[in-house]
Amino acid sequence: MFILIFTTGLVVLSGYFFWRFAIAFPGLGWWRLLVVVIMAVLGTGRYWGGLLRRQGFEPTQELAWLVQIFWVILLFWFLSSGLALHAWNLLAWSAAKISPSMPKLLLPPRAFFITNCTLVLLICGWAWFEAGNIRARHFVIEVEHLPPGREAILIAQITDLHLSNFGCSRQIVKMLELLQESQPDIIVDTGDFVDANLYQEEQLAGKLRALSPPLGKYAVLGNHDFYSGAAHSLAFHAAAGFRVLRQEAVL
């Protein structure tokens with residue numbers, strides 16, 4: 001079902017992108033076929049990456065999967081910003097109908113496409129910065145009953161790091177620094193920790209294992225932990241000293 005939904009969404013997003021591209025550059029003729037081929041390669045990275053993995057090229061398979069995910073993200077934001085530009089054009093058209101003397105603010109197809117692409121690059125650039133700019137956010141939750149002798153319990157929650165072998169070293173270092181500085185009483189990982197087999201997995205697991213909060217370390221699996229392999233994620237958490245909760249709770 002997931003594959004069906006994902007593939008359907010990808011087809012819709014790709015169709016919208018190609019439609020906007022085709023009307024922005026109507027004179028390309030057969031060159032459009034090249035664009036279709038490139039889009040097909042980008043959008044099927046998971047499948048041809050799997051073929052490479054079976055041939056022993058596991059890092060290439062991970063890169064192919066990341067290329068596909070990044071392409072889907074670009075297409076999603078292209079559609080989202082495109083809808084905003086369609087709304088702009090609708091308002092501009094309505095204003096021109098009401099007052100013909102107003103300046104023509106409609107975006108023609110080529111300007112629409114270029115503006116759309118620019119917005120996507122700006123959005124993704126900001127998102128890339130935010131993803132690497134890991135920081136701690138502090139919340140105070142007041143409760144009536146704490147264990148005797150404790151004025152507070154500090155819980156460190158880490159979530160959705162999506163660690164892979166490409167561009168994640170800064171995230172790992174920053175995460176470890178924040179955990180070491182905060183000296184929490186308990187650490188909880190609430191899913192999507194890893195997205196692939198990490199090249200330096202043993203070293204990372206060792207650094208996480210060295211963190212020993214007095215109330216322990218607990219984790220649950222997220223959907224991406226299953227995409228990359230639940231068995232692998234469970235083994236990694238175990239090596240890092242986490243107890244993974246599955247169909248159970250701990251008081």
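Residues numbered from 1 in each chain as written. Predicted model: local features only at pLDDT ≥ 70, side-chain atom pairs only at ≥ 80, totals over all residues. Heavy atoms only, no water.

Participant: So, the nonpolar core: which residues are in play, and what are the values?
Facilitator: In globular proteins that are soluble, nonpolar side chains generally tend to be buried together. Counting residues in hydrophobic clusters, the biggest one holds 24 residues, and the most contacted among them are Met175, Phe193 and Leu208. Secondary structure elements with two or more residues in this core: strand S1 (155-158), helix H6 (169-182), helix H7 (201-209) and helix H9 (230-239). With five residues, the single largest contributor to this core is H6. If we skip the residues at most four places from it in the chain, Leu208 touches Met175, Leu176, Phe193, Lys217, Phe236 and Ala240. Membership of the second largest hydrophobic core comes to 19 residues, among which are Phe6, Val35, Met39 and Leu75. (Core = buried A, V, L, I, M, F, W, Y, C linked by side-chain atoms within 4.5 Å. Buried < 20%, exposed > 50% of the residue type's maximum accessible area, 1.4 Å probe, protein only. Helix = DSSP H or I, 4+ residues; strand = E, 2+ residues; numbered from the N terminus. Contact = heavy atoms within 4.5 Å.)

Participant: Please provide a residue-by-residue account of the packing of aromatic side chains, values included.
Facilitator: Scanning all chains against the criterion turns up 12 aromatic pairs. Ring plane angle 40 degrees and centroid distance 5.4 Å describe the contact between Phe21 and Phe25, whose orientation is recorded as tilted. The class of Phe21 is buried, set by a relative accessible area of 12%. Residue classification places Phe25 among the partly exposed residues on the basis of a relative accessible area of 23%. Among the aromatic side chains, those forming a connected cluster through ring pairs are Tyr16, Phe17, Phe18, Trp19, Phe21, Phe25, Trp71, Phe78 and Phe113. In this structure, Arg20 is placed above the aromatic ring of Trp19, and the distance from its NZ or CZ to the ring centre is 4.8 Å. For Lys217, the ring lying beneath its charged end belongs to Phe242, and the centroid distance is 5.2 Å. (Phe/Tyr/Trp six-rings, centres within 6.5 Å; stacked < 30°, edge-to-face > 60°. Lys NZ or Arg CZ within 6 Å of the ring centre and 35° of its normal.)

Participant: Any chance you could break down the sheet that holds S1 for me, citing the residues and the numbers?
Facilitator: Ordered by their spatial adjacency, four strands build an open sheet running S1-S2-S3-S4, and the pairing between neighbours is parallel. Taken across any chain shown, the strands that pair with only one partner, and hence form the sheet edges, are S1 and strand S4 (243-244). In this structure, strand S2 (residues 186-189) lies alongside strand S3 (residues 217-219), joined through three bridges in parallel fashion. Counterpart to Ile187 in the pairing with S3 is Lys217. (Pairing = 2+ DSSP bridges.)

Participant: Outline the environment of Ala230, supporting the account with residue identities and numerical values.
Facilitator: Inspection of the secondary structure assignment puts Ala230 in helix H9. Those residues in contact with Ala230 that lie beyond four places of it in its chain are Leu221 and Asp225.

Participant: Please provide a residue-by-residue account of the side chain of Asp189, values included.
Facilitator: Structurally, Asp189 is set in strand S2. No salt bridge is formed by the buried Asp189; the nearest opposite charge belongs to Lys217, separated by 11 Å. In terms of polar contacts, Asp189 uses its side chain to reach the side chain of His237, at 2.5 Å. Setting aside anything within four residues of it in sequence, one finds Asp189 in contact with Ile158, Thr159, Tyr218, Ala219, Val220, His237 and Phe242. (Lys, Arg positive; Asp, Glu negative; His and termini not counted. Salt bridge = Lys/Arg side-chain N within 4 Å of Asp/Glu carboxyl O. Polar contact = N/O pair within 3.5 Å; in protein donor to acceptor, adjacent residues only side chain to side chain.)

Participant: Can you tell me about unusual backbone geometry, naming the residues and giving the values?
Facilitator: Located in the positive-phi region is Asp160, a residue other than glycine, with phi close to 55 degrees. By relative accessible area, Asp160 is classed as partly exposed at 42%.

Participant: Could you give me a rundown of the pattern of salt bridges, with the residues and numbers involved?
Facilitator: In total, this model carries three salt bridges according to the counting rule given. Among the salt bridges present, the one from Asp185 reaches Arg150, with a minimum N-O distance of 3.4 Å. Of this pair, Asp185 sits in the loop between H6 and S2 while Arg150 sits in the loop between helix H5 (109-132) and S1, and the two are 35 residues apart along the sequence. The exposure class of Arg150 is partly exposed, given its relative accessible area of 29%.

Participant: Pulling in residues and values, what's your account of a nonpolar patch on the surface?
Facilitator: On the surface, Trp30, Leu33, Val36, Val37, Val41, Trp48 and Leu51 cluster together into a nonpolar patch covering about 720 Å² of accessible area. Secondary structure elements with two or more residues in the nonpolar patch: helix H2 (31-43) and helix H3 (45-54). The element best represented in the nonpolar patch is H2, accounting for four residues. Tracing the backbone shows Leu33 in helix H2. (Patch = residues over 30% accessible without salt bridge, like charges linked within 9 Å, V, L, I, M, F, W, Y side chains within 5 Å. Areas by Shrake-Rupley, 256 points an atom, 1.4 Å probe, with all protein chains shown as cover.)

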